Amino acid sequence: MTQQLTGIYWLTGLSGAGKTTLTLGAADLLRAQGHPCLVLDGDIMRAGLSSDLGFSPEDRRENLRRAGEVARLVAQQGQVCLCAFITPYQATRNALRQRLGPLYREIFVSCPLESCVSRDPKGNYARARREGRTDYTGIGAPYETPDAPDVRVETNTSGIDDCVRTIVQFIYDSQPPRQGDR
Ligand code: ADP
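Residues numbered from 1 in each chain as written. Predicted model: local features only at pLDDT ≥ 70, side-chain atom pairs only at ≥ 80, totals over all residues. Heavy atoms only, no water.

Things to note about the UniProt feature "domain: APS kinase" (unreviewed entry) in the protein chain
Okay, so step 1: Following the UniProt record, the feature "domain: APS kinase" (unreviewed entry) maps to residues 9–153 here.
Okay, so step 2: Taken end to end, residues 9–153 is 45% helix and 17% strand, and its first and last C-alpha atoms sit 13 Å apart. (UniProt positions renumbered as here; feature names shortened; annotations may be inferred. Helix = DSSP H or I, 4+ residues; strand = E, 2+ residues; numbered from the N terminus.)

Overview of helix 1 (residues 19–32)
Okay, so step 1: Spanning 14 residues, helix 1 covers 20 Å between terminal C-alpha atoms, matching the ideal 20 Å at 1.5 Å per step.
Okay, so step 2: Among all positions of helix 1, only Lys 19, Leu 22, Thr 23, Ala 26, Ala 27 and Leu 30 are buried. What you see down the axis of helix 1 is that its buried residues fit within an arc of 135°, all on one side. Set apart from the buried face of helix 1 by more than 90 degrees, the exposed residues are Asp 28 and Ala 32. (Expected span 1.5 Å × (residues − 1). Buried < 20%, exposed > 50% of the residue type's maximum accessible area, 1.4 Å probe, protein only. Arc of directions from axis to C-beta.)

What to know about the site of the ligand
Okay, so step 1: In the vicinity of the ligand, 17 residues are found, and the nearest of them are Gly 16, Lys 19, Thr 20, Thr 21 and Ser 158.
Okay, so step 2: The separation between an oxygen atom of the ligand and a polar main-chain atom of Leu 14 is 3.5 Å.
Okay, so step 3: One of the backbone N or O atoms of Ser 158 is found 2.7 Å from a nitrogen atom in the ligand.
Okay, so step 4: When the free accessible area of the ligand is taken as 570 Å², the share hidden by the protein chains comes to 80%.
Okay, so step 5: Residue assignment for the shell around the ligand shows that the elements contributing at least two residues are helix 1 and helix 7 (160–173).
Okay, so step 6: Tallying contributions element by element places helix 1 first for the shell around the ligand, with 4 residues.
Okay, so step 7: Of the residues assigned to the shell around the ligand, the class counts are 6 nonpolar, 8 polar and 3 charged. (Near = heavy atom within 4 Å. Polar contact = N/O pair within 3.5 Å; in protein donor to acceptor, adjacent residues only side chain to side chain. Areas by Shrake-Rupley, 256 points an atom, 1.4 Å probe, with all protein chains shown as cover. Nonpolar A, V, L, I, M, F, W, Y, C, P; charged D, E, K, R; others polar.)

Let's talk about the environment of Tyr 136
Okay, so step 1: Within the fold, Tyr 136 resides in the loop between helix 6 (124–130) and strand 5 (151–154).
Okay, so step 2: You can call Tyr 136 buried: its relative accessible area is 10%.
Okay, so step 3: Put simply, Tyr 136 and Ser 15 are 121 residues apart on the chain and 9.6 Å apart in space, counted from C-alpha to C-alpha.
Okay, so step 4: The contact partners of Tyr 136, leaving out residues within four places of it in the chain, are Ser 15, Ile 86, Asn 124, Tyr 125, Ala 128 and Ala 141. (Contact = heavy atoms within 4.5 Å.)

Written out as structure tokens, the structure reads:
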């Protein structure tokens with residue numbers, strides 16, 4: 001029988017760094033290898049589960065808390081949950097790690113801000129500039145580089161396929177202890 005994979009793989013990084021691309025790519029590869037998985041990102045959360053929330057600091061925290069709880073349910077039921085959220089603050093990431101315990105693994109999707117801004121796949125930086133938003137991560141608000149991510153991929157020097165393979169290999173190599181394991 002193939003090994004059943006589980007766990008919460010939380011991709012953090014600037015907008016445009018590649019989180020969505022890599023979660024979707026990793027999910028495709030895992031499914032092709034027989035491992036069901038769920039993908040969560042900001043758009044998915046805000047379309048439904050968090051449609052009552054805005055963008056105040058409290059609402060952003062609550063959105064991530066909900067995402068973490070959904071991810072926990074998925075992982076506890078024996079599937080991989082891939083989460084793509086900017087998650088710019090170390091304190092928020094620490095809180096997730098504390099709440100989700102050994103199920104939580106952090107993947108830093110690293111890319112220089114200039115590359116993210118020139119990619120701008122969703123037009124987020126252009127929109128923020130147009131609207132004079134001073135609170136957008138990378139423009140007016142900081143992205144705090146993760147202190148100790150479990151793994152890091154560099155998307156301006158490695159191609160998409162290489163980054164996806166690194167993430168999927170990491171998922172195999174970092175399976176949380178199962179109940180009954182010593
Ligand atoms: P995010 O979800 O972090 O905002 P996206 O995945 O939406 O970022 O966009 C990343 C963009 O960068 C895409 O247009 C993607 O094709 C491109 N890209 C180039 N190289 C890579 C790489 N190695 N990994 C991921 N994305 C990459």
